[in-house]
Amino acid sequence: MLQDIHIFIPAYNEEKTIGKVIDEIQSYGFKNIIIVDDGSSDRTAEIARSKGAKVIRHILNRGAGAATQTALEYARNISSKHLVLMDADGQHHPEYIEKMWLDMRKNDADLIIGSRFLDRHENIPFLRRAYNWIGNGLINITCKYHYTDTQCGFRLLNRNAIHHLDLQIDNFAFCSEMIINAERKGLKIAESPVTVRYTDYSLGKGQGLAEGIRTIFSFWWKLIYGN
Amino acid sequence: MEIRIFQVVVPVLTLGFIINLILKYRKNNATAYELGLGILFWVCLTLFAIFPDFISRRIARLFGIKSNINAILFFCIGILFFFQFKLFSIIKKQQKEITFLTRKIALKEKEEE
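Residues numbered from 1 in each chain as written. Chains lettered and ligands numbered in written order. Predicted model: local features only at pLDDT ≥ 70, side-chain atom pairs only at ≥ 80, totals over all residues. Heavy atoms only, no water.

Thoughts on the packing of helix α3 (residues 52-63) of chain B against helix α4 (residues 68-112) of chain B
Residue and element names in this part refer to chain B. Two elements in contact, α3 and α4, have axes whose closest approach is 8 Å; the angle formed by their N-to-C orientations is 80°. Here α4 runs roughly perpendicular to α3, going by the angle between their axes. Counted together, Asp-53, Ser-56, Arg-57, Ile-59, Ala-60 and Phe-63 of α3 and Asn-68, Ala-71, Ile-72 and Phe-75 of α4 form the full contact between these two elements. Of the residues contributing to the contact of α3 with α4, the split by class is six nonpolar, two polar and two charged. (Axes fitted to C-alpha atoms, helices over the stretch in contact; angles between N-to-C directions. Helix = DSSP H or I, 4+ residues; strand = E, 2+ residues; numbered from the N terminus. Parallel < 35°, antiparallel > 145°, perpendicular 65-115°, else oblique. Contact = heavy atoms within 4.5 Å. Nonpolar A, V, L, I, M, F, W, Y, C, P; charged D, E, K, R; others polar.)

Quick look at the structure:
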């Protein structure tokens, strides 16, 4: 399993956490770690390379969605069998990857979405829960099925999903776009419970209200006008 | 008919802008679409400057608005929204192209490593 999985981490100015994140993933035996450095102006790429990760570098900052699409295209180029998407701020526990992989096999799914709301979720800050509740509501009305966490960036894709998904949105709205895109292409989606570590750093890095509004706007724009 | 100052100034300005647009087009700095749209805009503005009362009354009647001033305001807001939308679409398209290029460069560099 370990050799089949490529872990992609879109990162923008994450020099404070990227080293620890890579160390932690490697401690679980995963060797194929690829950082998509989204035009960082700090030492993110340098630290990632020094830790043994591969680095794909955007010369300009284009957003988390753009970096994820770059990861998808690279995964296609290297014929990756499984692709894991994780955040660079240390929110996601690599210990869940195996559970997600097992859930993928159990459900015969093409895309596994980590869900913070399937299990206990008392560690999620109130504001974050409120944003997610609104986001889930606005996205679920456009989906065929109901998802408990449309905004979680912790995901596992199999080869079928890697080959079929095509993301157009550059910002955080890619999380929702990926679900809609997967449904339209007939991919099977399942959720797997995950717990997320919230720190002052990760909360500061996450989407605020303004970014959330921009995200929802670009998602709906894409849905209505298709670009 | 009493001639007001803007009824002279606007047509003169229009003539200048249209000549400028034609020169740009001849130097390949503007497309035929931009030239046509520009000429249409300036001609409409000139007609409106020459016959302000007549045109505003016609617009008011066309949209069923009682006051011709309100009709002009609604009409202008509509035009502004249209151009805002056009501008936003152009920006989105250019952003998409920048992302596409950024990605191609990143993947090419990785391939060459």
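Here we look at the nonpolar core
All names here are of chain A. Counting 35 residues, the largest nonpolar core has Ile-7, Ile-9, Ile-35 and Phe-154 as the members making the most contacts within it. Counting only elements with at least two residues in this core, the list comes to β1 (5-11), α1 (18-27), β2 (33-38), α2 (44-50) and α4 (96-107). Per-element accounting of this core gives the leading share, five residues, to α4. Once residues lying within four places of it in the same chain are set aside, the contact partners of Ile-35 are Ile-9, Ala-11, Ile-18, Ile-22, Ala-48, Ala-53, Lys-54, Val-55 and Ile-56. (Core = buried A, V, L, I, M, F, W, Y, C linked by side-chain atoms within 4.5 Å. Buried < 20%, exposed > 50% of the residue type's maximum accessible area, 1.4 Å probe, protein only.)

Details of the interface of chain A and chain B
Across the boundary between the two partners, chain A contributes 21 residues, which contact 17 residues of chain B. Across the chain A to chain B interface the summed buried area is about 1,700 Å²; carbon plus sulfur atoms make up 63%. In terms of surface lost to chain B, no three residues of chain A exceed Ile59(A), Arg62(A) and Trp221(A), which account for 29% of the buried area on that side. At the junction of chain A and chain B, the tally comes to one salt bridge. Between Glu73(A) and Lys104(B) there is a salt bridge, with its nearest N and O atoms 4.0 Å apart. For the side of chain A that touches chain B, the residue count by class is nine nonpolar, six polar and six charged. (Buried area = accessible area lost by both parts, 1.4 Å probe. Salt bridge = Lys/Arg side-chain N within 4 Å of Asp/Glu carboxyl O.)

With respect to the packing of aromatic side chains
Residues and elements named next belong to chain B. Inspection of every chain in the model, using the stated rule, returns four aromatic pairs over all chains. Ring centres 5.3 Å apart and planes at 80° place the aromatic pair Phe-41 and Trp-42 in the edge-to-face group. For Trp-42, a relative accessible area of 18% gives the class buried. Between Phe-82 and Phe-83, the aromatic rings sit 5.4 Å apart at their centres with planes inclined by 70°, giving edge-to-face as the arrangement. Since its relative accessible area comes to 46%, Phe-82 is described here as partly exposed. A connected cluster of aromatic rings, assembled from ring pairs, spans Phe-17, Phe-41 and Trp-42. (Phe/Tyr/Trp six-rings, centres within 6.5 Å; stacked < 30°, edge-to-face > 60°.)

A short note on the environment of Val55(A)
Along the polypeptide, Val55(A) turns up in strand β3 (residues 54-58). Residue Val55(A) is classed as buried on the basis of its relative accessible area of 2%. A C-alpha to C-alpha distance of 31 Å links Val55(A) and Ile213(A), two positions 158 residues apart in sequence. In this view, Val55(A) contacts Ile35(A), Asp37(A), Ala45(A), Ala48(A), Arg49(A), Lys110(B) and Glu113(B); residues no more than four positions away in its chain are not counted.

Focus: the packing of helix α1 (residues 6-26) of chain B against helix α2 (residues 32-50) of chain B
All names here are of chain B. Contact pair α1 / α2: the axes reach a minimum separation of 9 Å and the direction vectors enclose 175°. Here α1 is positioned roughly antiparallel relative to α2, judged by the angle of their axes. Taking contact as the criterion, the partners of Phe-6, Gln-7, Val-10, Pro-11, Thr-14, Phe-17, Ile-18, Leu-21, Ile-22 and Tyr-25 in α1 are, on α2, Ala-32, Glu-34, Leu-35, Gly-38, Ile-39, Trp-42, Val-43, Leu-45, Thr-46, Ala-49 and Ile-50. Taken together, the residues of the contact of α1 with α2 sort by class into 16 nonpolar, four polar and one charged.

Considerations on the sheet that holds strand β7 (residues 189-193) of chain A
All names here are of chain A. Spatially, the seven strands line up as an open sheet ordered β3-β2-β1-β4-β6-β5-β7, and their pairing is mixed. For this open sheet the edge positions go to β3 and β7, each flanked by a neighbour on one side alone. Neighbour to neighbour, the strand axes of the sheet diverge by 20° on average, direction disregarded. Here strand β5 (residues 111-115) pairs with β7 via five bridges, running parallel. (Pairing = 2+ DSSP bridges.)

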